[in-house]
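Structure at a glance
For reference, the chains in residue letters:
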Amino acid sequence: MSLFDDDDPAQAPARTQSTGRNRWLAISAVSVIVLFFGISAFAAIYTDALWYDAIDFSSVFGTVFWTRTALFVIFFVLMAIMIGLPAALAYRTRPYFHPADDIGGLDRYRDAIAPIRTWLLIGVAGVSGIFAGFSGAGQWRTYLMWRHGRDFDKTDEFFGKDIGFYVFDLPWWHYLVNFALTGLILGTIGAMIVHYVYGGIRLTAQRDRFTRSAQIQLSAMLGLILLVKGLDYWVDRYDLVNGSGPRLDGMTYTDEHAVLPANQILLGIAVICGVLFILNMWRRSWQLPSIAISLFAISVLLIGMIWPAVVQGFQVRPSEQDKEKPYLAANIKATQDAYGIAKDDLEVTEYTSQAEADGASPEQLDETASSLPIVDPAVVHREFEQVQQGRSYYSVHEPLDISTYEVGGKERAVVLGVRELNQAGISDSDRTWTNLHTVYTHSNGVIASYANMRGADDKTESNQMQWAEGDRTGQHDLTSGQGKFQDKVYFGEDSPEYSIVGKAGKGNPVELDYNSEDGETRTTYEGAGGVPIGSNFRQLMYAIQFGSTNFLLSSRVNENSEILYDRSPKERVQKVAPWLTLDDDVYPVVVGGRIQWVVDGYTTTDRYPQAARDSFASMTDDATQTSTGVQTLPTDEINYMRNAVKATVDAYDGTVTLYEWDEADPILQTWEAAFPGTVMPKSSIPKELMEHLRYPEDLYKVQRYQLARYHVSDPDVFFSGNERWAVPEDPNDDNHQQTPYRMFLDTGSGTARWSLTSAFVPYNRPNLAAMMSVDSDATSEDYGKIRITTGFPDDTQGPGMVSNEFRTDKAIADEVASFNRSGSAPVWGQVVTYPTAKNGILYVEPIYARRATASTSGYAQLAFVLVSYDGRVGYGSTLSEALEVALTGAAPTPPTASDPDEEPAETTPPSSGGESPGEVGQLLEDARALFAQADEAGKSGDYAERERLIAEAQDKVDQAAELISGG
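Looking now at the overall build of the protein. For the protein, the helix and strand inventory stands at 26 helices and 32 strands. Residue burial in the protein is summarised as follows: out of 967 residues, 51% are buried. Restricting to contacts in the protein with at least 6 residues of sequence separation, those with at least 24 account for 70%. Split by element, the accessible area of the protein, about 42,700 Å² in all, is 55% carbon and sulfur.

If you want it as structure tokens, here you go:
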């Protein structure tokens, strides 16, 4: 007889034909549903495996897949046993004779479940096991960190444990204990239900409410629950160093003197109560367990809740500063270590410049500040598109990036953008599956302008954008000396969901390619980033994955075809390194004649003992932030962060390369052990790439946020809050912090440091408190050195004050009013705080003019540069002119860019004048005829001819535009 046998098989209800038919219908429906989801899941897993194999990261897929599978199976089986076995034992030990008072009550429930009793038990245990399995599979990161964890070689202040125990071991032990506790509680509830239904528990009886077997089983299980709860108390005590409080995070006076002893006492009580329950297996009374459970409940209330509240209210609160001082000191030290802002990481200097406007030379100040970034990347995005996009189906990702390149033997800051494919710009009539996924597959080239609005000679100033010399293929100053430039961009921040590439046999290329030298041509992808889909089976799998039958029906999908997908740099890096938190700002660099995307990867945790824990989103918030970045933690709160990895993604073939950066980071070492061979050593970074790597923005913003409080190391000063700083709000957006800016900082020794910089103001005050900069040049020995300048006079204006001064200055206000009268809207750029070594603090803010219409051709164009120096305000069409006005009182020259909607000149040299208007008219007439022919070709289905005619017509229009601008 099995555990699941019926009381009497002869008494089981007879199965009717209708019952059998309904059962088979139900089984068939369930089978269809399971089959549908099973095929979809298989297609997702199979295509994922192909993707990882195509980019040589199969080991990552294998490690994650088999780890999750093993954890699913293990926790599925454990939970199924913990729920199914107690219920089966309860049924096996049920009384065979039911008391008379149960007749008409529970009998009908027993009769109802009798035919399906075995399946019901298997179903409940199985479903519970499935949920537990998915929960266990979701802990694969926690398991791998526990399995491969490394020591930090640092111990916490209170338990003397290595920090690695808290980061790698403790989370896994927590999960195991909580899993065991949950399984035991659910198993006990299930056993109680079975005992009740089958008469083992009779609540209405006057005596003997529990059968002997029910008492033995429930006593044992409740005893186990209390013993595991005691283990939970033992594990929980280590969480005190990661607690959160109103004053500080980590261990506090109340925690050490009330909560910790309470945990230890409750641990002992839980063990004693558990033993009493187990001893009750040999007794016939529930007296001892009742006393035990009452004792436990009272102890939890008095010792676990009331006692800590009493200690906090009567011992700590009257003298909080004295009581919490040693704990605050530990919190300060741990926070500085966790965020890389300890004293050894900082260089703090006092502000000493006594420069005054009366003795300042405009020429000397202009020479010092000549590299200042006048171009605001957050504002000029549309001008980049209007001047350089070439076609409506190209765009530039927002915001733009700032980097440095050697031009004419000198390092220049440039504003850089990649021309990306924007399929939204394709006309509705052309948005067919064939066009979207086989024709419009990529874009071409990069766009760059000099950030200081000066030409290639770094001297000639203008209020017009100074483009890096070159054409739309990206052949300009950035690529000089790099050989043949691969300008095609198949992998970018705005790439399509997927593209089918590769041609059939000797057929003609079908992918649309565009550059200014050859116009619109056709090409075929020859990179290594695609997944081959030549077989019918693979085409079927991708048809299921992307929900499109065209994979099976279209002639564009053939034996030579490959599919490109998961194409954004962040997405690709996240898939090959799922343990990284990625920086929000992905930036392009041009090295080795190719476009490479650089992605900064962080190792983060919220388990660093005693360190301050804050929201990643709050710490990195500014006017340009688009996402929080954190994917590897349950919440977005962290208390440790390292820039562990620099990753690159090739824009043409999608190759992902991970390089070590912070080689001493124990979390990086742990993940390298879990995924061996996936991260390249730091020494293998090419020299040319190293020259363009920079300090990451999200790490800088997190350190800036923490330094606002934790630049103070004295607990007494920290507690008073008198020295607390704040990151100023963006003057143009009160809901966000000011964005840090990249620029060359004057060192006073004739050299400049490429730095990431921002200002601090005193908490709840507007004046300038400090400046923070970090050396951003990866080739420098001082890379990552955080420099803090303090000691500014109390009357030194902060960014918000200067911005308000600009807006209230009468002369500037009159110019802004003239914008509105002429139909343009002023766009205020970022206020840049520029601390010079000898000439004091200079504030600069650009004003752009944008036509206040709904026209898609409108864009912001620089109108004025505003400066403030030693309380004097000036403005002009260039920085040098603004400085001249501020220091000498000269009148500014009116801006030349009066109409921001006017089409800008091409970046290539215009044709010479002398062409007659008739030539222009003829060219436009020819273009109209070609556009009409293209429309007819499109209606007849000849899309290749249509594209050729459109390209030819566009060339006519371009020639006409050149004649007009040259005349």
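Following the structure, the description resumes.
Scanning all chains against the criterion turns up 30 salt bridges. Of the charged contacts, one joins Arg-247 and Glu-320 as a salt bridge, the two residues approaching to 3.9 Å between their closest N and O atoms. Residue Arg-247 is found in the loop between α7 (212-236) and α8 (253-279), and its partner Glu-320 is found in helix α10 (residues 320-338); the two are separated by 73 residues along the sequence. The partner of Arg-642 in a salt bridge is Asp-662, and the shortest N-O contact between them spans 3.8 Å. One end of the pair, Arg-642, is in strand β18 (residues 640-650); the other, Asp-662, is in the loop between β19 (656-660) and α18 (666-674), and 20 residues separate them in sequence. Overall, Arg-642 belongs to the buried group, its relative accessible area being 16%.

Among the structural elements, Met-145 can be located in helix α5 (residues 140-148). When the C-alpha positions of Met-145 and Gly-164 are compared, they lie 9.7 Å apart, and in sequence the two are 19 residues distant. Contacts of Met-145, omitting those with residues within four sequence positions, involve Val-167, Phe-168, Thr-670 and Trp-671.

This part is about a nonpolar patch on the surface. A cluster of nonpolar side chains, Ile-265, Ile-298, Leu-301, Leu-302, Met-305, Ile-306, Trp-307, Val-310 and Phe-314, forms an exposed patch at the surface whose accessible area comes to about 870 Å². At eight residues, helix α9 (residues 287-316) tops the list of elements feeding residues into the nonpolar patch. Mapped onto the elements of the fold, Ile-306 is located in helix α9.

Turning to the environment of Ala-644, a few remarks are in order. Of note, Ala-644 is situated in strand β18. Linking Ala-644 and Thr-603, residues 41 residues apart in sequence, is a C-alpha distance of 6.1 Å. With sequence-adjacent residues up to four places away left out, Ala-644 is seen in contact with Gly-601, Tyr-602, Thr-603, Tyr-659, Glu-660, Trp-661, Asp-662, Asp-665 and Leu-668.

A word on the packing of helix α2 (residues 58-92) against helix α4 (residues 117-137). Between α2 and α4, whose axes approach to 7 Å, the crossing angle comes to 145°. As for how α2 packs across α4, the hand of that crossing is right-handed. Grouping the constituent residues of the contact of α2 with α4 by class yields 17 nonpolar, six polar and two charged.

Quick look at the side chain of Gln-706 now. Topologically, Gln-706 is positioned in helix α20 (residues 697-710). The exposure class assigned to Gln-706 is buried, which follows from its relative accessible area of 0%. Beyond its immediate stretch of four places on either side in the chain, Gln-706 contacts Thr-335, Tyr-339, Ile-341, Ala-612, Asp-614, Met-619 and His-711.

It is worth spelling out unusual backbone geometry at this point. Of note, the amide linkage connecting Glu-398 to Pro-399 takes the cis form, showing an omega dihedral of 0°. Mapped onto the secondary structure, Pro-399 falls in the loop between β2 (394-396) and β3 (401-407). The residue Asp-56 is not glycine, and still its phi comes out positive at about 65°. With respect to the helices and strands, Asp-56 occurs in the loop between α1 (17-54) and α2.

In this structure, Ile-563 and Leu-658 are the most contacted members of the largest nonpolar core, which totals 139 residues. Top element by residues in this core is helix α6 (residues 163-197). It accounts for twelve residues. Formed by 39 residues, the second largest nonpolar core is a distinct cluster that contains Phe-384, Met-453, Val-827 and Ala-886.

Confidence in the prediction of the protein, expressed as mean pLDDT, is 84, and 85% of residues score 70 or more. Across residues 471-475 the pLDDT falls below 50, and counting only partners more than four positions away or on other chains, this stretch makes 24 contacts in the model. The model gives residues 853-857 a pLDDT under 50, and that stretch makes eight contacts with residues more than four places away or in other chains.

Here the focus is the pairing of strand β23 (residues 733-737). With two bridges joining them, strand β22 (residues 729-730) and β23 adopt antiparallel strand pairing. Residue pairing across strands places Asp-730 opposite Asp-733, the latter belonging to β23. In textbook terms, the turn of a hairpin is the stretch between consecutive antiparallel strands, and for β22 and β23 this stretch comprises two residues.

Moving on, we come to the sheet that holds strand β11 (residues 531-532). Taken in spatial order, the three strands make up an open sheet running β8-β12-β11, and their pairing is antiparallel. Where the open sheet ends on each side, the last strands, each with one partner, are β8 (498-501) and β11. In this sheet, strand β12 (residues 562-565) lies alongside β11 in antiparallel orientation, the contact comprising two bridges. Directly across from Val-531, in β12, lies its bridge partner Ile-563. Running at roughly 25° to β12, helix α14 (residues 536-546) makes contact with β8, β11 and β12 of the sheet.

Glancing now at the environment of Ser-880. Take Ser-880: it is sitting in helix α24 (residues 879-888). For Ser-880, a relative accessible area of 25% corresponds to the partly exposed category. It is 7.6 Å that separates the C-alpha atoms of Ser-880 and Glu-363, two residues lying 517 residues apart in sequence. Dropping the residues within four chain positions of it, Ser-880 is found in contact with Asp-366 and Glu-461.

Here we take up α10. Over its 19 residues, α10 extends 25 Å from the first C-alpha to the last, a length consistent with the 27 Å expected when each residue adds 1.5 Å. Of all the bends in α10, the greatest measures close to 45° and is centred on Pro-326. Among the residues of α10, Glu-324, Tyr-327, Leu-328, Ala-330, Asn-331, Ile-332, Ala-334, Thr-335, Gln-336, Asp-337 and Ala-338 are the ones counted as buried. Those residues of α10 that are buried lie in contact with α8, α9, β18, α20 and α21 (715-720). Of the residues trailing α10, Gly-340 is marked for its positive phi of about 70°.

Let us now look at the side chain of Lys-646. Its place among the elements puts Lys-646 in strand β18. Judged by its relative accessible area of 2%, Lys-646 falls in the buried class. Separated by 2.6 Å, the side chains of Lys-646 and Asp-600 make a polar contact. Look past the residues within four positions of Lys-646 in its chain and what remains in contact with it is Val-599, Asp-600, Thr-657, Leu-658, Tyr-659, Trp-661, Leu-693, Arg-694, Pro-696 and Tyr-783.

Aromatic rings considered in pairs are described by the distance between their centres and by the relative angle of their planes. According to the stated counting rule, one finds 53 aromatic pairs in the structure shown. Aromatic pair Trp-51 and Tyr-52: ring centres 5.1 Å apart, planes at 85°, arrangement edge-to-face. Take Trp-51 and Tyr-52: they sit in the same class, and that class is buried. Note on Trp-661 and Tyr-783: the rings are 5.4 Å apart at their centroids and 85° apart in plane angle, and the pair reads as edge-to-face. Here Trp-661, found in the loop between β19 and α18, pairs with Tyr-783, found in the loop between β26 (770-775) and β27 (786-790); they are 122 residues apart in sequence, far enough to count as distant. Taken individually, Trp-661 and Tyr-783 each receive the classification buried, so the pair is uniform in this respect. Feature note: the residues Phe-75, Tyr-143, Trp-146, Trp-172, Trp-173, Tyr-175 and Phe-179 constitute an aromatic cluster, connected by ring pairs. Stacked on the ring of Tyr-233, the Lys or Arg Lys-229 has its end atom at 4.9 Å from the ring centre.

Parameters at a glance
Residues numbered from 1 in each chain as written. Predicted model: local features only at pLDDT ≥ 70, side-chain atom pairs only at ≥ 80, totals over all residues. Heavy atoms only, no water. Helix = DSSP H or I, 4+ residues; strand = E, 2+ residues; numbered from the N terminus. Buried < 20%, exposed > 50% of the residue type's maximum accessible area, 1.4 Å probe, protein only. Contact = heavy atoms within 4.5 Å. Areas by Shrake-Rupley, 256 points an atom, 1.4 Å probe, with all protein chains shown as cover. Salt bridge = Lys/Arg side-chain N within 4 Å of Asp/Glu carboxyl O. Patch = residues over 30% accessible without salt bridge, like charges linked within 9 Å, V, L, I, M, F, W, Y side chains within 5 Å. Axes fitted to C-alpha atoms, helices over the stretch in contact; angles between N-to-C directions. Left-handed = near helix turned anticlockwise from the far one by under 90°. Nonpolar A, V, L, I, M, F, W, Y, C, P; charged D, E, K, R; others polar. Core = buried A, V, L, I, M, F, W, Y, C linked by side-chain atoms within 4.5 Å. pLDDT = per-residue confidence, 0-100. Pairing = 2+ DSSP bridges. Expected span 1.5 Å × (residues − 1). Bend = angle between axes of the 7 residues up to and from the residue. Polar contact = N/O pair within 3.5 Å; in protein donor to acceptor, adjacent residues only side chain to side chain. Phe/Tyr/Trp six-rings, centres within 6.5 Å; stacked < 30°, edge-to-face > 60°. Lys NZ or Arg CZ within 6 Å of the ring centre and 35° of its normal.

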